[in-house]
Amino acid sequence: MLAPELADTLRGRMPMLWLNPGSRSLEDPLSPDLVDAAERRLLRAAPLLAKILPGLAGSDGLIESPLMDAQALRDALGGQSRWLFKADNRLPVAGSVKARGGFHEVLEFAEQVALSHGWDGVNFADLAEPRWRACFATYQLVVGSTGNLGISIGLMSRALGFAAQVHMSDDAKQWKKQLLRDQGVDVVEHAGDYAKAVAAGRAIAEADPQAHFVDDERSLSLFCGYAVAGRRVAAQLAEQGIEVNAANPLLIYLPCGVGGAPGGITYGLKQVFGNNVHCFFAEPLESPSVLVQLASGVRDPMSVHDIGLSNRTLADGLAVGQASMLASTCMQDRLAGVFTVPDTSLGYYLELAWEKLGERVEPSAAAAFPGPGWITGSQAGLQWCARHQVDPSRATHILWCTGGSLVPDAEFQQWLSQ
Ligand SMILES: *Cc1c(COP(=O)(O)O)cnc(C)c1O
């Protein structure tokens, strides 16, 4: 049950900062060493990726994004202390945070298929050979997606030689469908809701023994792929000489849809930094799915529709009515809080990212930008700081920018002019 005052605030579409009381009622659904295994898998697969994806040769096959200075953005938004911008909008090939989880899941599936066909498992780069591509061509990855997950799964599947089928609602962006079709992905369109597209994809995959369904709500492989980001960010902070400790904590702001990407990243960051990192999710006013799920407890699913919200938002990557129970369970005592963001402010943040940092971001990705302001400029935020002995002027604030570099010029210009 949601407290009536909270339900009223959400229904009134009042932007808010919700603070997580942080009690745990359910056990974690995964063991922490799965993230170690994911990290190793991505390292071992890097030579393969460098071979099959020309764009990755320069990075030796590692899928990672820069951690950039964002003082210009801070000055424009009136913040204090150090601001950084985690540029997952620039993640290679997929152009969004979905590269982290999606690529890992496709690679894990490729590994399993090859092992079941007698591969010795030693050298991942073997899997670029024609005989393995021919083997993979008899298998299919299937996913339901509003866009970015489909791009990540579809493009990596095709790069390895798998067939790929992406189920989308018919209102998904045309350019995303075209991009996938150009790479030989089978795009299946469904009238109406995204949930229908997911259900259709799941049913098709379950009926086909050569198919693998990528489950955005329940996949541990996706979740652990996202979680590897924690170690990568730790290394980037160390490289930049930025210390993280109790007096100089990390405050991280992550756009949230179903909760898998920001939940996995938070899980991974907590593994590395423990109590010295505090993560906040950003959700649209009409789609605060993780907020609703955590605030009502995680035993029974609860959707934003249950309190009369529409789940209609410009932030198409965040338009999810029902949160992942896997992610929600892991966030019970790991997430610091959630703030809600009106659609009307997304265009302004998107323009700021372009003007101040020269970064192309999509509306979903810009949702993190008001995060520091909630912590340092609201009563709830200041109370939270006092309770957790966080001095926000000594914190490093990281805006996690989750996507945008693949957005076509015409579409981007249209957002800028609105
Ligand atoms: C998918 C996505 C998110 C959120 O990830 P979830 O796993 O759905 O919570 C945020 N931003 C962008 C651009 C995305 O594509």
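Remember, predicted model here, so these are calculated numbers, not experimental data.

K.L.:
So what exactly am I meant to see when it comes to helix α8 (residues 194-206) here?
P.N.:
Counting along an α-helix, one turn takes 3.6 residues, and residues three or four places apart therefore face a common direction. With 13 residues, α8 extends 19 Å between its outermost C-alpha atoms, agreeing within 8% with the 18 Å of an ideal straight helix rising 1.5 Å per residue. Turning to α8, its buried residues are Tyr-194, Ala-197, Val-198, Gly-201 and Ala-205. For α8, the angular spread of buried residues about the axis comes to 100°, placing them on one side. Counted as exposed and oriented over 90 degrees from the buried face of α8: Lys-196 and Glu-206. Among the structural elements, β4 (140-144), β5 (163-169), β6 (186-190) and β7 (211-214) are those in contact with the buried residues of α8.

K.L.:
Would you take a moment to explain empty space enclosed by the protein for this structure?
P.N.:
Unoccupied space between atoms shows up once a probe the size of one water molecule is rolled over them. Under the criterion given, the structure shown has five cavities of 30 Å³ or more. The computed volume of the largest cavity comes to approximately 290 Å³. When contributions to the lining of the largest cavity are tallied by element, the ones reaching two or more residues are α6 (148-160) and α11 (260-273). Take the lining of the largest cavity: its biggest share by element is three residues, from α11. In terms of residue class, the lining of the largest cavity is made up of 11 nonpolar, 11 polar and four charged. Each of domain 1 (4-32 + 63-95 + 221-417) and domain 2 (50-54 + 97-218) accounts for three or more of the residues forming the lining of the largest cavity. Here the second largest cavity is characterised by a volume of approximately 90 Å³. As for the second largest cavity, its lining consists of Leu-42, Leu-49, Gly-61, Leu-62, Ile-63, Ala-99, Arg-100, Phe-103, Gly-225, Val-228, Ala-229 and Arg-232. Of all the secondary-structure elements, those providing two or more residues to the lining of the second largest cavity are α2 (33-52), α4 (98-116) and α10 (229-239). Of all the elements, α4 adds the most residues to the lining of the second largest cavity, at three residues. Looking at side-chain class alone, the lining of the second largest cavity contains eight nonpolar, two polar and two charged residues.

K.L.:
Is there a simple way to explain the domain arrangement of the protein chain in this structure?
P.N.:
Many descriptions give the size of an interface as the accessible area lost when the pieces come together. With domains assigned, the protein chain is organised as domain 1 (4-32 + 63-95 + 221-417) and domain 2 (50-54 + 97-218). Summarising the inter-unit geometry, the C-alpha centres of domain 1 and domain 2 are found 26 Å apart. Across the boundary between the two partners, domain 1 contributes 30 residues, which contact 26 residues of domain 2. Interface area, domain 1 with domain 2, both sides summed: about 2,400 Å², of which 62% is carbon and sulfur. Considering only the side of domain 1, the residues that lose the most area to domain 2 are Ser-221, Leu-222 and Tyr-226, jointly responsible for 24% of the buried surface there. Joining domain 1 to domain 2, the criterion identifies five salt bridges. Here Asp-88 and Arg-100 are joined by a salt bridge, their closest N and O atoms 2.7 Å apart. Broken down by element, the side of domain 1 that touches domain 2 gets its largest block of residues, four residues, from helix α9 (residues 220-227).

Definitions and limits used
- Residues take numbers from 1 onward in each chain, read along the sequence in its written order.
- Since the coordinates come from a predicted model, pLDDT governs what is reported: local features require at least 70, and pairs of side-chain atoms require 80 or more to be given and counted, while whole-chain, interface and lining totals use all residues.
- For the side-chain quantities, the full set of heavy atoms in the structure was used; hydrogens and water were omitted.
- The numbering of helices and of strands both runs from the N terminus, where a helix is a DSSP run of H or I of at least 4 residues and a strand a run of E of at least 2.
- By this rule the span expected of a helix is its residue count minus one, scaled by 1.5 Å.
- For each residue, the accessible area found with a 1.4 Å probe, counting protein chains only, is set against the maximum for its type, and the residue is called buried under 20%, exposed over 50%, and partly exposed in between.
- It is the directions from the helix axis to the C-beta atoms whose arc is reported.
- Contacts: residue pairs with any heavy atoms within 4.5 Å of one another.
- A pocket, in this scheme, is an open set of points on a 1 Å grid over the protein atoms alone with protein on both sides within 12 Å along at least 5 of 7 lines, while a cavity is a set where a 1.4 Å probe fits but cannot get out; residues line either one if an atom lies within 4 Å of a point.
- Grid points are joined across faces, edges and corners, and a volume is the space filled by probe spheres set on the points.
- We call Asp, Glu, Lys and Arg charged. Ala, Val, Leu, Ile, Met, Phe, Trp, Tyr, Cys and Pro are nonpolar, and the rest, Gly among them, are polar.
- Domains are outlined according to an automatic or database domain assignment.
- Buried area is a sum: the accessible area each of two parts loses on coming together, probed at 1.4 Å, counted once for each and added.
- A side-chain nitrogen of Lys or Arg and a carboxyl oxygen of Asp or Glu constitute a salt bridge if their distance falls within 4 Å.

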